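# A look at the structure
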Amino acid sequence: KGKKWVNEEGKSDDAFKALNRVLKKYDQHSQAYERRGHLNYLLGNTDEALHDFSKAIHIDNENADAYYGRGRVYVHESNYEKAIEDFENCAKNALALQPIYWMARRLLSECYMKTGNLQKAEFNLKLFTKRPFEREDPNNTWKQWAYFKYGKVLLELEKFDEAGKAFDQALAIEEGNQTISKPERLTFRG
C-alpha cells in the first residue's frame, strides 16, 4: 500500500505510515527504504531522502531505483560527480528494457555536460536519441530535449554535420518535457 500511495495526491501521510510499519517489522527492506526516499524527495526532504536511498543501497547494492533516487538528490545539490557515480550504477543494475535505465542515461548526459565531459555526454545522448521509445514510456517525452542537447554537444565538439541533423530532429518534435522554443531550436540549427 505504501508503494502505491507514494505517487498518489494527498496520500503522503498514509504512505509514510505504511512504509514505516514495514521498516519497523523488517528493517532490511531495501525497496521500502527506496520508496520512502522517493517520497521524501518529492516532499523536498532531501536530507531524509539521501539517508533512505543510501540505506537502501547499503542493504541491496543492486537496487537501481535507489541509485537513481540518490543521484537525483545529488543533482539537486549540484554534486554532479556523485550523481554521475550513482546514475552509472543505476544503468549497470537496470535492464536496457526498463525505463529507469534510459532515465539514468538522460541524467548522466546532463551531469556530464555540467562537468564539461562532452565526450561522455555525447555517448549517452547518442544512445538515448537512437532508442525508439513506446508512446507510453516516460522517456519518450524527453526526445526533443535530448536531440537539442545532443546537437549542442556536437556543436561544441565541432561535429557540425551531425549537429545539424540533431537540431533537425529536435525541430521535428513539437512537444515534450523541457520543451525548447522553436526560435531557439532554429537559431542553433542555423
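Going by the structure above, here's the rest.
Let us look at the structure shown here.

What counts, and at which threshold
- Residues numbered from 1 in each chain as written.
- Predicted model: local features only at pLDDT ≥ 70, side-chain atom pairs only at ≥ 80, totals over all residues.
- Heavy atoms only, no water.
- Axes fitted to C-alpha atoms, helices over the stretch in contact; angles between N-to-C directions.
- Helix = DSSP H or I, 4+ residues; strand = E, 2+ residues; numbered from the N terminus.
- Parallel < 35°, antiparallel > 145°, perpendicular 65-115°, else oblique.
- Left-handed = near helix turned anticlockwise from the far one by under 90°.
- Contact = heavy atoms within 4.5 Å.
- Expected span 1.5 Å × (residues − 1).
- Buried < 20%, exposed > 50% of the residue type's maximum accessible area, 1.4 Å probe, protein only.
- Polar contact = N/O pair within 3.5 Å; in protein donor to acceptor, adjacent residues only side chain to side chain.
- Salt bridge = Lys/Arg side-chain N within 4 Å of Asp/Glu carboxyl O.

### Observations regarding the packing of helix α7 (residues 99-115) against helix α8 (residues 118-130)
- Closest axis-to-axis distance for the α7/α8 pair is 8 Å, and the angle between their directions is 150°. Comparing their axes, α8 and α7 come out roughly antiparallel. Seen along the crossing, α7 lies across α8 with a hand that is left-handed. Between α7 and α8, the contacting residues are Trp102, Arg105, Arg106, Leu108, Ser109, Tyr112 and Met113 on the first element and Lys120, Ala121, Phe123, Asn124, Leu125, Leu127 and Phe128 on the second.

### A closer look at helix α5 (residues 64-76)
- With 13 residues, α5 should cover 18 Å at 1.5 Å per step; its first-to-last C-alpha distance of 19 Å lies within 8% of that length.
- Turning to α5, its buried residues number three or more, namely Ala64, Ala66, Tyr67, Tyr68, Gly69, Arg70, Gly71, Val73 and Tyr74.
- The inward-facing, buried residues of α5 abut α3 (30-42), α4 (46-59), α6 (80-93) and α7.
- You can read the cap of α5 off the contacts: a side-chain oxygen lies 3.2 Å from the backbone nitrogen of Asp65, and it is on Asn63.

### Regarding the side chain of Ser30
- For Ser30, the location among the structural elements is in helix α3.
- Ser30 gets classed as buried once you look at its relative accessible area, which sits at 9%.

### A word on α3
- When the terminal C-alpha atoms of α3 are compared, their 18 Å separation across 13 residues agrees well with the 18 Å that a helix rising 1.5 Å per residue should span.
- When you tally the buried positions in α3, you get 11 out of 13 residues, the bulk of the element.
- The complete set of buried residues in α3 reads Ser30, Ala32, Tyr33, Glu34, Arg35, Arg36, Gly37, His38, Leu39, Asn40 and Tyr41.
- Of the residues one or two after α3, Gly44 is the one with positive phi, at around 85°.

### Quick notes on the pattern of salt bridges
- This structure, assessed with the given rule, holds six salt bridges.
- We note a salt bridge from Glu122 to Lys159, for which the minimum N-O separation is 2.9 Å. Here Glu122 is found in helix α8, whereas its partner Lys159 is found in the loop between α9 (143-156) and α10 (160-172), with 37 residues between them in sequence.
- A salt bridge links Glu174 to Arg185; its shortest N-O distance comes to 3.8 Å. Highlighted residues: Glu174 in the loop between α10 and α11 (182-189) and Arg185 in helix α11, separated in sequence by 11 residues.
- With relative accessibility at 47%, the residue Glu174 sits in the partly exposed group.

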